[in-house]
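An overview of the molecular structure
Below, each chain spelled out in residue letters.
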Amino acid sequence: MTVVSKLERFNENVLSKYQIYNSIFMTLPFDTISNTGVLLPLFHEVCQKGFQEGKNPSEIVDSFFKKYQDNPSEKEKVNLLFRFIQYIERLVVLFDAIEDAAFPIVNNMDGIGTLRNSKENAFSNGKKEELIKYLEDFKVRIVLTAHPTQFYPGSVLGIITDLSKAIQNDDLLLIKSLLAQLGKTPFFKKQKPSPYDEAISLIWYLENVFYHSVSKIYNYVQQNIFDGEFLENEIIDLGFWPGGDRDGNPFVTTEITLQVAEKLRQTILKNYYRDVRQLKRRLTFSGVEEILARVEKRLYKHVTKSYKVVNFCKEILLEELYAIREILVNEHESLFLRELDDLIHKVTIFGFHFATLDIRQDSRVHHNVFTNLVKELQESGDSTFSENYLTLPKKEQIAILSKVKGDIDLSVFSDEMVVKTLGSIQAIKEIQYRNGERGANRYIISNNQTALNVMETFAMLNLSGFGDTLPVDVVPLFETVDDLQNASDVMRTLYSNHEYRNHVEQRGNKQTIMLGFSDGTKDGGYLMANWSIFKAKEELTEVSREFGIDVIFFDGRGGPPARGGGKTNQFYASLGPTIEDKEIQLTIQGQTISSNFGTQNSSQYNLEQLLSSGIKNEVFQKDVMTDDHRTIMNDLAETSYQTYVAFKQHPKFLSYLEKMSTLQYYAKTNIGSRPSKRSQSDTLNFSDLRAIPFVGSWSQLKQNVPGFFGVGTALKKYEESNQFEKIVDFYNHSDFFKTLLENSVMSLAKSFFALTSYMADDEEFGDFWKLIYEEYLTTKRLLLKLAGHTELMENYPDGKASIEIRENIVLPLLTIQQYALREIQKLQKEGKSGKKLETYQKIVTRSLFGNINASRNSA
């Protein structure tokens, strides 16, 4: 039998189908983009040839109009450019749908990294008992966040889903209708979404994707690894940030938090209700029908109406379902038992909460809130805090904070942020009452720097009337390079505190610690951020083990390698024995949700890859880094860090981003409720700049600086000292190092410097552009040399092909964006404003959509 390679499967099922359906799309009549399908291929050809000949975007656009248009007016030019943008946006959607439809064909659903593969490896190597023991505790938690990198409105997501199904079924008539629908459906959001709107968008994935894929994985583990025995471990947990993440988002209120939690509750009950209705068609037996009818009625009541008093919970529902199970086994030969067990498993996994709503706020906000809280309590005559509390040393403050308890009245406070922060904590209590404890049981402190940051939050929780046992985990988030280096000292201080240690014991002797890849890379560059997090995990593991605590690492990852994305599962598989790995927790956001978890097949496959990475690391051989390799990694990280910091401190760094990139246009896209900067200042400050627009702006320039800058210089140091063979040895013997650099290769593969080569001649920014380009060339040359390759991503031909097609689709869009930016710069230099300037600014804003969606993990 001939084995067809992954690239051949990709070409046959993705590339060929895209070419066929694109030709159909070109012939469809649209009101707003008529004739565009004919002109766009011509424009595309002009762009390709133009960049090959060294032309700039302005010359390319002008030459197209000169060659193919009869002396068009300015208005006609602009209209056609807008139509090109609209058309390309829809081509990206078409390609997404085709790739989603082909996912189970291109990717082997039983191949390497899947649960079936891991199970067969374990069983054949005599490691069945080790696998079972590991899966009794091991979990993967993916946390959906609403960070603004998702540009598809809900209506378009629906079209992608339907189009994928139609393509799988080769339903040409429906495909044509859906393509026509796509042509007429608006992509642009005229208003910013509220946090509740963002939650609704992501709940769609919970309801239509994860509800099915997660339970399918659980069923497989229970039936094929545990031989049908009861499995207490949920295996996969879901987390949720929209509506609970207050960090930098003033629009997240207590009311929004409660509304989102209630929507999660009603959505999961609605899914149970549907399943019960399906079961009723099968379980038509004596003794069973009555219980099912009762369950159906109760579910319906709670789906259609929100009751203040909750008298229905996960435990009651499971009791009813187990009663049915007993009747089926004892009286009806276990008929349709598997279908019933599927629902029992879903209720076990999702409870009445569906996904755990995390609450998050910045430590600096907390500190100000707590200071005002203490002052107002003192002014009201409350004796919880002594008069001199705020002037005490931190050590004494921590000792006091560890012991405070109570149920303070919100009405005594006048400070708005105090009321809002305490309101969030009160919301946790209400959610736990309605959705169960897993509905909301974590409070994350972003930008955590000290033990005092944690203890202030711990005290506020203990002052909110939870009683003797606090059912909430306090989760510090360490982000900058300095904070990562200090993290183990912070945790040692906390673990040494008697009251905090008792709290951890009450929480199952588990301490969750979050580590931020996005701000780490923005702060210290690619190699230093990843290495700092690796070392921080080792140190935190060591100090936690010393105190008999199981530390759980929660990784704040974005889409691209520069924000901790890329080949994530390979990172987890490469962790050695020095890093605790009883759970994998990570954020999934924006495009990564739709690209990696947008369909049941892709969701199941990628969840299994994460599960298998933990299995590989624990059950099979661990990746141990030698002392020599550790020394090299330290040196590489330090060299790249110094290179990156010098780059950041370049006098043209911020002005380059402001004037030459799309940074200022991110806020105008109306894709997220959160402001794009932390402060409201008109001047751009690097520390206020959020990681998403920062990384995204480099991606739009096709320069991808955060994913490689400093890597080339660090490697070059070893080449120049004739020690490059040490790097080769490290690369060949460390999965961690290999994965780290392969992700950087992906950043390089998505770069296209010909787009901005005109900047080399810019009077103000020419030298700065050359500095970036030189580092790109050095990094590319040395990474190819290290891997022994002649092309980037040579060892991932299907991924390389997908990137090339996507980059090819948006080439005209990138050209239009740069053309518009150049026109804006020209008008601003001339001191002109008005409608023409506004029009070109709109072109830049609109061009962001297709570029981001095509990249799938650009921000």
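Everything that follows concerns the structure shown earlier in this document.
This report concerns the structure included in the present document. (Residues numbered from 1 in each chain as written. Predicted model: local features only at pLDDT ≥ 70, side-chain atom pairs only at ≥ 80, totals over all residues. Heavy atoms only, no water.)

**Structural notes on the overall build of the protein**
- Looking only at helices and strands, one finds 33 helices and nine strands in the protein.
- Here the C-alpha radius of gyration of the protein, 28 Å, is about what a compact globule of 859 residues would show, namely 29 Å.
- The buried share of the protein, reckoned over its 859 residues, is 61%.
- In the protein, the share of contacts with a sequence separation of at least 24, taken over all contacts with a separation of at least 6, comes to 82%. (Helix = DSSP H or I, 4+ residues; strand = E, 2+ residues; numbered from the N terminus. Rg over C-alpha atoms; globule rule 2.2 N^0.38 Å. Buried < 20%, exposed > 50% of the residue type's maximum accessible area, 1.4 Å probe, protein only. Contact = heavy atoms within 4.5 Å.)

**What to know about the nonpolar core**
- Of all hydrophobic cores here, the largest spans 259 residues; its most connected members are F240, Y272, L373 and W698.
- Examining the composition of this core, we find that 17 residues originate from one element, helix α4 (residues 74-106), more than from any other.
- The contacts of Y272, once residues within four sequence positions are left out, are Y211, L299, L317, L343, K346, V347, F350, G351 and F352.
- Counting residues in each nonpolar core, the second largest holds seven residues, with W241, I444, L477 and M514 among its members. (Core = buried A, V, L, I, M, F, W, Y, C linked by side-chain atoms within 4.5 Å.)

**With respect to the pattern of salt bridges**
- Applying the stated rule across the entire model yields 53 salt bridges.
- Two residues, D275 and K346, come together in a salt bridge whose shortest N-O distance is 3.0 Å. Of this pair, D275 sits in helix α10 (residues 254-280) while K346 sits in helix α13 (residues 337-350), placing them 71 residues apart in sequence. Of the two residues, D275 and K346, neither departs from the other in class, the shared state being buried.
- A network of salt bridges, in which partner residues are shared, links K139, R141, E234, D237 and R438. (Salt bridge = Lys/Arg side-chain N within 4 Å of Asp/Glu carboxyl O.)

**Thoughts on helix α9 (residues 195-225)**
- Along α9, the largest kink reaches about 45 degrees and is centred on F210.
- The positive-phi residue at the C-terminal boundary of α9 is D227, with phi of around 50 degrees. (Bend = angle between axes of the 7 residues up to and from the residue.)

**A short note on the sheet that holds strand β9 (residues 583-589)**
- Here we have nine strands laid out as an open sheet, ordered β3-β2-β1-β9-β8-β7-β6-β5-β4, and parallel in their pairing. For this open sheet the edge positions go to β3 (356-357) and β4 (359-362), each flanked by a neighbour on one side alone.
- Taken together, the two bridges between strand β6 (residues 473-478) and strand β7 (residues 510-516) define a ladder with parallel strand orientation. If you follow F478 over to β7, its bridge partner there is L515. (Pairing = 2+ DSSP bridges.)

**Observations concerning unusual backbone geometry**
- Its identity as a non-glycine residue notwithstanding, D227 has a phi of 50 degrees, on the positive side.
- With respect to the element layout, D227 can be found in the loop between α9 and β2 (236-240).
- Positive phi is not limited to glycine here, since N447 has a value of about 55 degrees.
- Assignment of secondary structure puts N447 in the loop between β5 (442-446) and α17 (451-462).
- By relative accessible area, which is 8% here, N447 ends up buried.

**Focus: the environment of G508**
- With respect to the element layout, G508 can be found in the loop between α19 (498-506) and β7.
- Judged by its relative accessible area of 45%, G508 falls in the partly exposed class.
- Counting along the chain gives 145 residues from G508 to F653, while the straight-line C-alpha distance between them is 47 Å.

**Side note on the side chain of N448**
- Relative to the helices and strands, N448 resides in the loop between β5 and α17.
- Looking at N448, the relative accessible area reads 0%, which means it is buried.
- A polar side-chain atom of N448 sits 3.2 Å from the main-chain carbonyl oxygen of T450.
- Non-local contacts of N448, meaning those with residues more than four positions away in its chain, are made with S363, N453, V454, P476, L477, F478, D483 and V490. (Polar contact = N/O pair within 3.5 Å; in protein donor to acceptor, adjacent residues only side chain to side chain.)

**Observations concerning the side chain of E320**
- Among the secondary structure elements, E320 is positioned in helix α12 (residues 314-331).
- A relative accessible area of 14% means that E320 is categorised as buried.
- Beyond its immediate chain neighbours, meaning those up to four positions away, E320 contacts I291, R294 and V295.

**Here's the deal with the packing of aromatic side chains**
- Under the defined criterion, the tally for this structure stands at 46 aromatic pairs.
- Ring geometry for F103 and Y605: centres 5.3 Å apart, planes at 75 degrees, overall edge-to-face. Here the residue F103 occupies a position in helix α4, and Y605 occupies one in helix α24 (residues 600-619), the gap between them amounting to 502 residues. Taken as a pair, F103 and Y605 share a single burial class, namely buried.
- For the pair Y656 and F765, a centre-to-centre distance of 5.7 Å together with 65 degrees between the ring planes defines the contact as edge-to-face. Here Y656 is found in helix α26 (residues 653-660), whereas its partner F765 is found in the loop between α30 (735-749) and α31 (766-787), with 109 residues between them in sequence.
- Residue classification places Y656 among the buried positions, given a relative accessible area of 0%.
- Classification of F765 by relative accessible area gives buried; the value is 2%. (Phe/Tyr/Trp six-rings, centres within 6.5 Å; stacked < 30°, edge-to-face > 60°.)

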